[in-house]
Amino acid sequence: MSEQETTAPSNFIRQIIDADLKAGKNAGRVHTRFPPEPNGYLHIGHAKSICLNFGIARDYAGGKCNLRFDDTNPHKENVEYVESIQQDVQWLGFDWEERLFYASNYFERLYEFALELIRDGKAYVCDLDAEQTREYRGTLTEPGRESPYRNRSVEENLELLQRMRAGEFEDGAKVLRAKIDMAAPNMNMRDPTLYRIRHGVIHHQTGSEWCLYPMYDFTHPISDAIEGITHSICTLEFEDHRPLYDWVLDNISIDCHPQQIEFSRLNLQYTVMSKRKLTQLVDEGLVNGWDDPRMPTIAGLRRRGYTPGSIRTFSDRIGVTKADNSVEMGMLEACIREDLDKNAPRAMAVLNPLKLVLENFPEGQVEELQALNHPKDESMGSRTLKFTREIYIDRADFREEANKKYKRMITGGEVRLRNSYVIKCERVIKDDSGEIIELRCSYDPDTLGANPVGRKVRGVIHWVSATEGVKAEVRLYDRLFSHPTPDADKEVESFIDHLNPDSLSTAAECVVEPSIATAEPGSQFQFEREGYFCVDSRESSQERLVFNRTVSLRDSWAKIEGKGK
RNA sequence: UGGGGCGUCGCCAAGCGGUAAGGCACAGGGUUUUGAUCCCUGCAUACCCAGGUUCGAAUCCUGGCGCCCCAGCCA
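Residues numbered from 1 in each chain as written. Chains lettered and ligands numbered in written order. Predicted model: local features only at pLDDT ≥ 70, side-chain atom pairs only at ≥ 80, totals over all residues. Heavy atoms only, no water.

So, about the protein's contact with RNA strand B. Taken together, 71 residues lie near RNA strand B, and T72, R346, R418, G449 and Q526 sit nearest. Protein-proximal atoms of RNA strand B, defined as those within 4 Å of the protein, fall in sugar or phosphate at a share of 64%. In the environment of RNA strand B, a phosphate oxygen lies 2.7 Å from a nitrogen or oxygen atom belonging to the side chain of K559. Classifying every residue of the surface near RNA strand B gives 24 nonpolar, 19 polar and 28 charged. (Near = heavy atom within 4 Å. Polar contact = N/O pair within 3.5 Å; in protein donor to acceptor, adjacent residues only side chain to side chain. Nonpolar A, V, L, I, M, F, W, Y, C, P; charged D, E, K, R; others polar.)

Here's what the structure looks like:
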């Protein structure tokens, strides 16, 4: 993959696999799986899991990783999600080869295993409704009570389950439960539900074939075993479920028993990572869809301009442990800057234009200048810049007066135009309200590719020809939330209260150099001295160029200036 | 007064009884036609706390403390 990834990731899960291999377990096989439920788009936390699971398959000899949709709850799932998930995994650079599966592929076999449990007296049909079931379950500190239906005969249970499948009972009228231990200190072992009835939902894979749907705790271990998974990696909240995972496999006739291993999920500061909350942001229109560039979804990051390699690097750097974590945004940003610094061609764009007239440059003349596309990679070639009498510079690059620390243009001062000449500011023109509307300058024709003799020019600013430049809209993004852990703040009613009102600002009147006017959607640039930008893949067009700022350049000037205040 | 986890630098994270890796961030300095990049330098006598074992403990033992997860017919 990317040359960026140099250090081989090592973590406790790989150590377990190493030890298993050494002990001769699983006949030397290493087989993982990534098992998303298609009930939303994948986010950066899933990327961590994808990189972990597919990364293991990639790094171990003969290793494999399946993509399996955990599609046991048709109520929340749909094909848009199954398609987006496949696209995102592929985009991240991973390949499940011919191993694309659905838990629903196994519905018939799952049902057979359920019959086996019943025959063995290890499962029963229960008529308690949801509320009663909750009451019977007990609490964290008190044991539960056994259901009055717990001791139905095998024959009756068999018949009832068949009738449940045949659609004879309404939703919620009956469930199939495992017969384990209502006094177990682990709540998951208090006769967990294995099947529930769901009429009238069209399952995205099985249509209306079933009205009986298996629960995760029953489906997951069996699906893993059917696929010959050796290491079933999941997040920490399933640690309590492991005894049930093992119970299921120990009590049916199946010759494979994968090892479940749990790691802690990713928490990224200033965003939220639960599918429920992300769905809420989308549904309530608080963002512009799942691929809104402010979203921590893979689709959002992609549209924002994050590269697959940068996300893989990030996943490697944050590591895999069982400790709760809260990763700073700076970590993610460092990864994309590193990638783009190396790979993005440079260009110039003026986000907040201020007109500047070079009084000693001939009117109507266009001088062509050559500029390197990358300051230290000549293989990226060069491009032609159009230099004219009227140009734009950024308003932030001019001050009427400033101290020595300010290295940009000031009245009467000189500055280097990037890839061009040294100019001097002669006059400032203001409108009636006192706002600066134009700078009158002169250029020094002897300074192209050469420093002026006898004086030093400290600053370099970027520019775009006013007559040859192309208009563009640039979208500047900031963190989606203004609180580092928006969903952990109990002082506030909802995480929504912490949405950052300034997470999107639009610079509608930007001017970019003509060389990028026809750039393909998604193509990326460093706008020098500004940051990394990409052509928006959704809304940019030849008529109206739209760029997204992926991330700004590191800005030590902002720090210096900030300190002075 | 239930069960399961976790506690090493601001953040992430190595460490697996032999005397605290690395990355991000931060702070200095150098190079630079991007205040970018790049390059140096610095940044835990200290590993949640308290005892104990040991020649030696972040690593082992005991007892505390703190944080996270679990009472869906969600995953």
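What follows picks up the thread again.
The grouping of K405, R554, K559 and K563 at the surface amounts to a positive patch. Examined against the element boundaries, K405 turns out to sit in the loop between β16 (398-399) and β17 (409-410). (Patch = residues over 30% accessible without salt bridge, like charges linked within 9 Å, V, L, I, M, F, W, Y side chains within 5 Å. Areas by Shrake-Rupley, 256 points an atom, 1.4 Å probe, with all protein chains shown as cover. Salt bridge = Lys/Arg side-chain N within 4 Å of Asp/Glu carboxyl O. Lys, Arg positive; Asp, Glu negative; His and termini not counted. Charge placed at Lys NZ, Arg CZ, Asp CG, Glu CD. Helix = DSSP H or I, 4+ residues; strand = E, 2+ residues; numbered from the N terminus.)

Turning our attention to unusual backbone geometry. If you check the backbone angles, N419 has positive phi at about 60 degrees while not being a glycine. Here N419 lies in the loop between β18 (414-417) and β19 (422-430). Backbone geometry at R529 places phi at a positive 70 degrees, although glycine is not the residue there. Within the secondary structure, R529 sits in the loop between β25 (524-527) and β26 (531-535). Judged by its relative accessible area of 35%, R529 falls in the partly exposed class. (Buried < 20%, exposed > 50% of the residue type's maximum accessible area, 1.4 Å probe, protein only.)

The strand order across the open sheet formed by 7 strands is β21-β18-β19-β20-β12-β15-β22, and the pairing between neighbours is mixed. Across the chains shown, the open sheet's two edge strands, defined by having one partner strand only, are β21 (460-461) and β22 (464-465). Pairing analysis gives 4 bridges linking strand β12 (residues 353-358) to strand β20 (residues 436-444), with the strands arranged parallel. Counterpart to L358 in the pairing with β20 is C441. (Pairing = 2+ DSSP bridges.)

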